[in-house]
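Remarks on the overall topology
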2 protein chains.
Amino acid sequence: MRAATIRDGGIHVEDHPDPAAGAGEALVRVRAAGINGADMLQRRGRYPAPPGSPQDIPGLELAGEVVALGDGATRFAVGDRVMAIVGGGGQAELAVVHERQLIPVPDALDWPAAGGFPEVFTTAHDAIFSQGGLRAGERLLVHGGAGGVGTAAIQLGRAAGARVTATVRNPDLRDQVAALGATVIEPEGFAEHGPFDVVLELVGAPNLDANVDALAIEGRIVVIGIGAGAKGELNLAKLMGKRGTIRASTLRARPLEEKAATARRLERHVLPLVQSGALRVPVAATFGLDEAEAAYDRFAAGGKLGKIVLLP
Amino acid sequence: MRAATIRDGGIHVEDHPDPAAGAGEALVRVRAAGINGADMLQRRGRYPAPPGSPQDIPGLELAGEVVALGDGATRFAVGDRVMAIVGGGGQAELAVVHERQLIPVPDALDWPAAGGFPEVFTTAHDAIFSQGGLRAGERLLVHGGAGGVGTAAIQLGRAAGARVTATVRNPDLRDQVAALGATVIEPEGFAEHGPFDVVLELVGAPNLDANVDALAIEGRIVVIGIGAGAKGELNLAKLMGKRGTIRASTLRARPLEEKAATARRLERHVLPLVQSGALRVPVAATFGLDEAEAAYDRFAAGGKLGKIVLLP
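Residues numbered from 1 in each chain as written. Chains lettered and ligands numbered in written order. Predicted model: local features only at pLDDT ≥ 70, side-chain atom pairs only at ≥ 80, totals over all residues. Heavy atoms only, no water.

- Per an unreviewed UniProt entry, chain A goes by the name NAD(P)H quinone oxidoreductase, PIG3 family and belongs to Conexibacter woesei.

Have a look at this one:
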């Protein structure tokens, strides 16, 4: 099979042996595979794939058709449309995925949307609900509302009855983010727009101190992105006054059982919203697998709203 | 009535009008009232009492007998032995307490122990279980194991099946803390003794960075004491790697319904352990109400294990 391949700090498309489905796994012919920030890090030699995942083939999410089943795999049949988060290896013509990580693709999603759905919606859902405990009527602040996880979090928060505010640095993207259901504000002085019950931090430590200021009593800050910096000063007295919580998390390093549990929550709580049209997957551009390098460059250039998706 | 009174940065014992029980409240003749760190802050004009509590009479906890009941107060009868956390005003001959905040005094506790029980056991129980989610089999680190909350947390953690480690700075107190059921270590280099599922921070920000190092995957740091400093650098990348949580809290500022819920949890989960002898309240010294200033000085001097309790 052909696959995007990380070598010497660049993305190449090379031949690899076809993978085979092991016990409990499905072999999937990949139709679409979104690009994510972690792929950018991995291309530069940071954020290596976890053990058991292909080390040189990037790609944290995929959608496609089941073409073969390993021993004991019974949740799906050959030909079923499936999608999943994977530890790596999604940007290839074929990928093996444990059946407990697979979720069905709703009719409402075409291949590009399905390929760009799993990572950002799983990440956003896990962050604002499982980590942040967001409930109806609460106020959610999304830092970095124009990004993939940001747009997913805004829509999920709205669909769950929360009031959503989002910071967006690029003025050209603010109207599009507002159309997803958020009150859009500038990053500067965001704390004045609080208090917020849940703050989703996708930018990094520079926001840390003001996030505590912006927090409601018993509010929760969920940190899942630190591109703008990892270290910041924390004032514990202020956090005590808010009776506040800071949670930091990543999806990629979790064991199979947790990833599978996350997939089940997505099936139960998110797929019905996709099918009803309450959620949509903005896709900014699609590229063929052979154009992977150009797709990565497009992702890195920013200034877009929506996913960049490879179509092998 | 006579009451300890804060005036001009000192503690005096002065006459005050007798309080009267309002709707849902009980008037309690105070037999014992523990001294806590917050009283020290309040004496110096910091940490004022919340609205609705006496502003000039210190005392966050008390034990005594019900002597009168306000309209609609039915949980206790005149003569019952009760104890409670209060927003202030505990260090007096009489105090009014809402009946939902009162809990019965088990036979196993004499007055000094009952007067020193509510604050530290409520605080420790709320911190390690309600905030920290400590479960059987997990590893608990208590920073400041020789203090009142620390000794309560060690005993509660042990009684709940956790493995407990405690830092103790004063070498003279280490054996006594170990006798409560903890593995006692020096504060320096504590992270090498990890990983810990729950870290109870009673000291402050200087431990923050090493607490993250000491954390187990999905571990929780619960900050309720910051005497050694409020501000510290937090490395969010390390916290993400641990999928860790930092929670900071105070009991005193919470509304009645939360304090009442906390009192119910104490009744259900802690009083049986007191009655069975699994928990004890170390009392270092008792003082008469007229000796309040000396009692405060004794508290501030440190170097003790156990509560300082006033006996009005």
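Back to the write-up after that little detour.
Notes on helix α4 (residues 148-159) of chain A
Residues and elements named next belong to chain A.
- Given a rise of 1.5 Å per residue, 12 residues ought to cover 16 Å, and the 17 Å separating the end C-alpha atoms of α4 matches this to within 8%.
- Counting buried positions along α4 gives 9 out of 12 residues, so the element sits mostly inside the fold.
- Where α4 is concerned, the buried positions are Val149, Gly150, Thr151, Ala152, Ala153, Ile154, Gln155, Leu156 and Gly157.
- At its buried positions, α4 is contacted by α3 (118-131), β8 (139-143), β9 (163-167), α5 (174-178) and β11 (196-201).
- In the stretch just after α4, Gly161 is the one whose phi turns positive, near 85°. (Helix = DSSP H or I, 4+ residues; strand = E, 2+ residues; numbered from the N terminus. Expected span 1.5 Å × (residues − 1). Buried < 20%, exposed > 50% of the residue type's maximum accessible area, 1.4 Å probe, protein only. Contact = heavy atoms within 4.5 Å.)

Some words on the relation of the copies chain A and chain B
- In the superposition of chain A on chain B (RMSD 0.0 Å, axial shift 0.0 Å), the rotation amounts to 180°. Between the two chains, the operation in question is that of a two-fold axis. Of the C-alpha atoms belonging to chain A, the one lying closest to the rotation axis is found on A:Glu233, 2.2 Å away.
- Both copies present the same face, since 100% of the interface residues in chain A are matched by interface residues at the equivalent positions in chain B. (Least-squares fit on C-alpha atoms with pLDDT ≥ 70 in both.)

Thoughts on the sheet that holds strand β14 (residues 245-248) of chain B
- Read across the open sheet, the 12 strands follow the order β10(A)-β9(A)-β8(A)-β11(A)-β12(A)-β14(A)-β14(B)-β12(B)-β11(B)-β8(B)-β9(B)-β10(B); overall the sheet is mixed. Since the sheet does not close on itself, it has two edges, and those belong to β10 (183-185) of chain A together with β10 (183-185) of chain B, each with one partner. Ignoring which end each strand starts from, the neighbouring axes of this sheet average 15° apart.
- Bridge count for β11(A) against strand β12 (residues 215-223) of chain A is 5 bridges, and the pairing is parallel. Bridged to A:Val198 within β12(A) is A:Arg220.
- Its contacts with the sheet place helix α4 (residues 148-159) of chain B against β8 (139-143), β9 (163-167) and β11 (196-201) of chain B, and it is angled at close to 170° to β8(B). (Pairing = 2+ DSSP bridges. Axes fitted to C-alpha atoms, helices over the stretch in contact; angles between N-to-C directions.)

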